[in-house]
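# Structural overview
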Amino acid sequence: MNGMPDQVLITEVLLRDGLQMEPVIVPTDDKLRLAYGFLKAGVTSLEIGSFVHPDKVPQMADTDRLATELCAGEAASLHALVFNEKGARRALEAGVRHVRLIVSASDGHSRANAGLPTRQALDRLRPAAEALTDAKVQLEATIATAFVCPFDGETPPGRVVDTAHRLAGLGVSALHLGDTIGAASPWHIRRTVTAVQDELRDMPLGLHLHNTYGMASANVWEALHLGIRRFDAALGGVGGCPFAPGAAGNIATDDLVNLCHHAGIATGIDVDQLVALRDELHALLGRKLDSALAAVPAAPAPLRVTALSDIP
Ligand code: ZN
């Protein structure tokens, strides 16, 4: 398994991407309990919310309070999404030290999500990025609809590469390519990831996958073979996108951790603690969760296949 990493960094995005579509608004104290549970389980990168207008996404209205509570003295990487200068100011006031910018590679989704086509959305991000980098905040970015757009169809890799270059110019130190509606196949992953890797050789790349067509695990596997070591995931496969019709949940953190551990790839995350948290989440949301592990009573016994040659 040449090029397969021996460890990956999983960013838990339940508190943002996961909860933004839920009809239930999870109380801040419950979000805090989940956040501390994730950190205790070994999660070192946590997306805690989004500095978006509360009228637009009411589930994210408590991001300022969450950030203020969580970011004080916490060693883990806790980040929130920022779309514009106002969001940047809120992030700075709340003491956030890691911010993820978000821009769509396709004009159709960018208009729906940010109200502007891609180029103009990037222009609007510039003052936000400057304010944040001036304050020594670490910037990452997600390129949404990097593979398929619900409005424009397949996203040409050239658009993703161009967007990636422009984000690098804004000072981002890592990029995450988003399969926002979960319509990418391993073929899309290989085509676009290699296009970006060829052009931005030193930029750490990650994937943000949804599981609409059940291909998220296959896409992870393809990405691992391309040397990708960063993945977003949401506990229980919760999630969606309010501005992307048809999008299903994120790849489930519990399933991703299970997949990695069975492949001999370390995540630093305790799957049993994750399963306990998932049961708590189930009670909070009052609905069936979408992870494969949610359908079985407990985490399966370790079945460690460390190399393909182990399989007869
Ligand atoms: Zn997403």
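Refer to the structure above for everything that follows.
Residues numbered from 1 in each chain as written. Predicted model: local features only at pLDDT ≥ 70, side-chain atom pairs only at ≥ 80, totals over all residues. Heavy atoms only, no water.

### As for the pattern of salt bridges
Rules: Any Lys or Arg side-chain nitrogen found within 4 Å of a carboxyl oxygen on Asp or Glu counts as a salt bridge. Working definition: helices are DSSP H or I runs of at least four residues, strands are E runs of at least two. Numbering for both runs from the N terminus. Only protein chains enter the accessibility calculation, which uses a 1.4 Å probe; a residue whose area is less than 20% of its type maximum is buried, one above 50% is exposed, and one in between is partly exposed.
One pass over the full model with this rule turns up 19 salt bridges. Linking R119 and D162 is a salt bridge whose minimum nitrogen-to-oxygen distance equals 3.6 Å. One end of the pair, R119, is in helix α6 (residues 118–134); the other, D162, is in helix α7 (residues 157–169), and 43 residues separate them in sequence. For D162, a relative accessible area of 28% gives the class partly exposed. Notably, a salt bridge pairs D162 with R166, separated by 2.9 Å at the nearest N-O pair. Here the residue D162 and the residue R166 both occupy positions in helix α7, the gap between them amounting to four residues, near one helical turn.

### Notes on the sheet that holds strand β9 (residues 205–209)
Under the convention used in this document: Strands pair, by our definition, only if DSSP identifies at least two bridges between them. Axes here mean lines fitted to C-alpha atoms, for a helix over just the part in contact, with angles spanning 0 to 180 degrees between N-to-C directions. We call two residues contacting when some pair of their heavy atoms lies within 4.5 Å.
Pairing within the closed barrel is parallel, and its eight strands lie in the order β1-β2-β3-β4-β5-β8-β9-β10. Averaged over neighbouring strand pairs, the angle between their axes works out to 30° when direction is ignored. Two strands pair when backbone bridges link them, and strand β1 (residues 9–12) and strand β2 (residues 45–51) are joined in this way by two bridges, in the parallel orientation. By the bridge assignment, E12 is partnered in β2 with L46. Contacts from α6 reach β3 (77–82), β4 (98–104) and β5 (138–144) within the one sheet, and its direction differs from that of β4 by about 170°.

### So, the coordination of the zinc ion
Going by this rule: A donor here means an N, O or S atom no more than 2.8 Å from the metal, or no more than 3.2 Å when the metal is Na, K or Ca. Since water is not included, a site may seem to lack partners.
Bound to the zinc ion are the protein donor atoms D17 (OD), H208 (NE2) and H210 (NE2), situated 1.9 to 2.1 Å from the metal. Counting along the primary sequence, the residues that act as donors to the zinc ion give the motif D-x190-H-x1-H. A residue pair is termed long-range when its members are at least 10 positions apart, and D17 in helix α1 (residues 14–18) and H208 in strand β9 qualify at 191 residues. Accessibility classification places D17 together with H208 in one group, the buried group.

### Structural notes on the side chain of N219
What counts, and what does not: Two N or O atoms count as a polar contact when they lie within 3.5 Å, although within protein this holds only if one can serve as hydrogen donor and the other as acceptor, and sequence-adjacent residues are included solely when both atoms are side-chain atoms.
Examined against the element boundaries, N219 turns out to sit in helix α9 (residues 216–225). For N219, a relative accessible area of 1% gives the class buried. A polar atom in the side chain of N219 sits 3.0 Å from the backbone oxygen of A184. Apart from residues no more than four positions distant in its own chain, N219 is found in contact with D179, A184, S185, P186, I189, L207 and L209.

### Overview of the layout of surface pockets
We apply this condition: Cavity: a set of points on a 1 Å grid over the protein atoms alone where a 1.4 Å probe fits but cannot get out. Pocket: an open set with protein on both sides within 12 Å along at least five of seven lines, its lining residues, like those of a cavity, having an atom within 4 Å of a point. Grid points are joined across faces, edges and corners, and a volume is the space filled by probe spheres set on the points. Amino acids are sorted into nonpolar (Ala, Val, Leu, Ile, Met, Phe, Trp, Tyr, Cys and Pro), charged (Asp, Glu, Lys and Arg) and polar (every other residue, Gly among them).
Roughly 160 Å³ of volume is contained in the second largest pocket. As for the second largest pocket, its lining consists of 14 residues, and the residues nearest its centre are N211, N250, A252, D255 and D290. A breakdown of the residues in the lining of the second largest pocket according to their chemical character gives five nonpolar, seven polar and two charged.

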